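# Structural overview
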Amino acid sequence: YGELAEQGFITEDIKETLMTQINGAYQSEQYAREAAYSNASLAAMQLMIAAKAMGYDTCAKGGFSKEAFIKEFNVSGRYEPVMLISVGKAAKEAHKSNRFDIEEVSDFL
Ligand SMILES: Cc1cc2nc3c(=O)[nH]c(=O)nc-3n(C[C@H](O)[C@H](O)[C@H](O)COP(=O)(O)O)c2cc1C
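Quick summary incoming for the structure in this document. Everything quoted here is computed from the prediction, not taken from an experiment. (Residues numbered from 1 in each chain as written. Predicted model: local features only at pLDDT ≥ 70, side-chain atom pairs only at ≥ 80, totals over all residues. Heavy atoms only, no water.)

## A word on the packing of aromatic side chains
Two aromatic rings are characterised by how far apart their centres lie and by the angle between their planes. Applying the stated criterion to the full structure yields three aromatic pairs. Centre to centre, the rings of tyrosine 26 and tyrosine 31 are 5.4 Å apart; their planes meet at 85 degrees, and the pair counts as edge-to-face. Take tyrosine 26: its relative accessible area is 39%, and that puts it in the partly exposed class. A residue is classified by how much of its surface remains accessible, and tyrosine 31, at 39% relative accessible area, is partly exposed. For the ring pair phenylalanine 64 and phenylalanine 69, a centre distance of 5.8 Å and an interplane angle of 75 degrees mean the geometry is edge-to-face. Overall, phenylalanine 69 belongs to the partly exposed group, its relative accessible area being 23%. Site record: aromatic cluster; members linked through ring pairs are Phe64, Phe69 and Phe73. (Phe/Tyr/Trp six-rings, centres within 6.5 Å; stacked < 30°, edge-to-face > 60°. Buried < 20%, exposed > 50% of the residue type's maximum accessible area, 1.4 Å probe, protein only.)

## Side note on the pattern of salt bridges
In total, this model carries five salt bridges according to the counting rule given. Residue lysine 15 pairs with glutamate 12 through a salt bridge whose shortest N-O separation is 3.3 Å. In this pair, lysine 15 and glutamate 12 both sit in helix α2 (residues 12-25), three residues apart, roughly one turn of the helix. Its relative accessible area of 14% is what places lysine 15 among the buried residues. For glutamate 12, a relative accessible area of 46% translates into the label partly exposed. A salt bridge links lysine 66 to glutamate 80; the shortest N-O distance between them is 3.2 Å. Pair noted here: lysine 66 is in helix α4 (residues 66-72) and glutamate 80 is in the loop between α4 and β2 (84-88), with a separation of 14 residues, a long-range link. Using a relative accessible area of 24% as the deciding quantity, one classes lysine 66 as partly exposed. The exposure class of glutamate 80 is partly exposed, given its relative accessible area of 27%. Several salt bridges share partner residues, and in doing so they unite Glu29, Arg33, Lys66 and Glu80 into one network. (Salt bridge = Lys/Arg side-chain N within 4 Å of Asp/Glu carboxyl O. Helix = DSSP H or I, 4+ residues; strand = E, 2+ residues; numbered from the N terminus.)

## A word on the site of the ligand
If you check the shell around the ligand, you find Cys59, Ala60, Lys61, Gly62, Gly63, His95, Ser97 and Arg99 and nothing else. Here an oxygen atom of the ligand and a backbone polar atom of alanine 60 are 2.5 Å apart. For the ligand, whose free accessible area comes to 630 Å², the fraction covered by protein is 42%. (Near = heavy atom within 4 Å. Polar contact = N/O pair within 3.5 Å; in protein donor to acceptor, adjacent residues only side chain to side chain. Areas by Shrake-Rupley, 256 points an atom, 1.4 Å probe, with all protein chains shown as cover.)

Okay, structure coming up:
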């Protein structure tokens, strides 16, 4: 937010308000962990959609050893491994699949 304020995109007041709120929220380890998961999930979906638009296929994987991943890739303790996403060209066509109707997973109020 410092850069946003410097560049005139937000006022100093707004910067201070946001930083106070965020620093407060991140005092909670649970909040920080939950935020890591929601933020990473949004980024992951964007990555997968962008990869598909560029002609690549992806697969999300949550079933991996975080400890082994951290050790193998020397991941800093400030990061929380959320999921792995493989990106590449599919070796063969994926099996057909289905999805819930939007009405089953959303409430439009
Ligand atoms: C967050 C997330 C984690 C996943 N983890 C795994 C996994 O560890 N192993 C696996 O075989 N599939 C995993 N999947 C499922 C596959 O990535 C993929 O979504 C699925 O094979 C697509 O098949 P479907 O269209 O039948 O759902 C995961 C999916 C998501 C969204």
